[in-house]
Amino acid sequence: MNSGTLPKWFICLFALMVLLGAAPGCAEKQSQEELIATKVEITEIIDKTTRMPITNNTINLRWETEDGELIYTEDHVGKKSLTTGLPADGRVRLFITIEAPGYRSWEHAIRPKLNSTKTMYISVEMVREEGEQG
């Protein structure tokens, strides 16, 4: 990343805030002091049994409103770890799906409602499909 560019997760977070009316300049806006965001960090993606990293993976991130309306999706291929963000006011859900050949899909949903900015750390342990050998 160049020092003059914003992180992709920050741009996505700002877009989410605009859609939800929480960004500066929107009607019924929250002040910057009231806007609470959370950073979601997938710290590792490993085989549950061997504890070895799984880099042959696809990570799908899907942000939705409380009513299930799609806001944004993002796919990442071959990542050891990943960081993204979302508003922490309970109005946005982040669905994380990770797939890797020979493993069961891993899924997790997050809809934080926090009183302060925090980082949520997730360690992903994937389980091999029945009959698959390591």
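This section reports on the structure supplied with the text. Just so we're clear, the structure is a prediction, and the values are computed from it rather than from any experiment.

Basis of the calculations
- Every residue gets a number counted from 1 within its own chain, in the order that chain's sequence is written.
- Local features in a predicted model are, by the rule used here, given only for residues with pLDDT of at least 70; side-chain atom pairs are given and counted only at 80 or more, and totals for whole chains, interfaces and linings are based on all residues.
- Side-chain measures were taken over the full set of non-hydrogen atoms in the model, leaving aside hydrogen atoms and water.
- For two strands to count as paired, DSSP must find a minimum of two bridges between them.
- Here a helix means four or more residues in a row that DSSP labels H or I, a strand means two or more in a row labelled E, and each is numbered from the N terminus.
- Simply put, an axis is a line fit to the C-alpha atoms, just over the touching stretch for a helix, and the angle between two N-to-C directions goes from 0 to 180 degrees.
- By convention, a stacked pair of Phe, Tyr or Trp rings (six-membered ring in the case of Trp) has centres within 6.5 Å and planes under 30 degrees apart, an edge-to-face pair has planes over 60 apart, and any other such pair is tilted.
- Relative accessible area decides the class of each residue, using a 1.4 Å probe on protein chains only: under 20% of the type maximum gives buried, over 50% gives exposed, and in between gives partly exposed.
- As a reminder, the over-ring test applies to NZ of lysine and CZ of arginine, requiring each to be within 6 Å of the ring centre and within 35 degrees of the ring normal.
- Joining through side-chain atoms within 4.5 Å is the link that ties buried Ala, Val, Leu, Ile, Met, Phe, Trp, Tyr and Cys residues into a set, and such a set is a nonpolar core.
- Any two residues whose heavy atoms approach within 4.5 Å are treated as being in contact.

**Overview of the sheet that holds strand E2 (residues 58–65)**
Part 1: Strand order in the open sheet formed by four strands is E3-E2-E5-E6, and the pairing between neighbours is antiparallel. Each edge of the sheet is formed by a strand with only one pairing partner; in this case those strands are strand E3 (70–77) and strand E6 (106–110). On average, each strand axis in the sheet is tilted by 15 degrees relative to the strand beside it, whichever way the strands run.
Part 2: Relative to strand E5 (residues 92–99), E2 runs antiparallel, the two sharing eight bridges. Pairing of Glu 64 across the sheet is with Arg 93, part of E5.

**Description of the packing of aromatic side chains**
Part 1: Applying the stated criterion across every chain yields a total of one aromatic pair.
Part 2: A centroid spacing of 5.4 Å and a plane angle of 45 degrees characterise the contact between Trp 63 and Tyr 72, whose relative ring orientation is tilted.
Part 3: Judged by its relative accessible area of 0%, Trp 63 is buried.
Part 4: Seen from the ring of Phe 95, Arg 62 lies directly overhead, with NZ or CZ sitting 4.5 Å from the centre.

**A closer look at the nonpolar core**
Part 1: With 21 residues, the main nonpolar core has Ile 42, Ile 45, Ile 59, Ile 96, Ile 98, Val 124 and Met 126 as its most contacted residues.
Part 2: Here this core takes four residues from E5, the largest share from any one element.
Part 3: Excluding residues that lie within four positions of it along the chain, Ile 96 makes contacts with Val 40, Ile 42, Ile 59, Asn 60, Leu 61, Trp 106, Glu 107, His 108, Ile 110 and Ile 122.

Worth remembering: the numbers are spatial, not functional.
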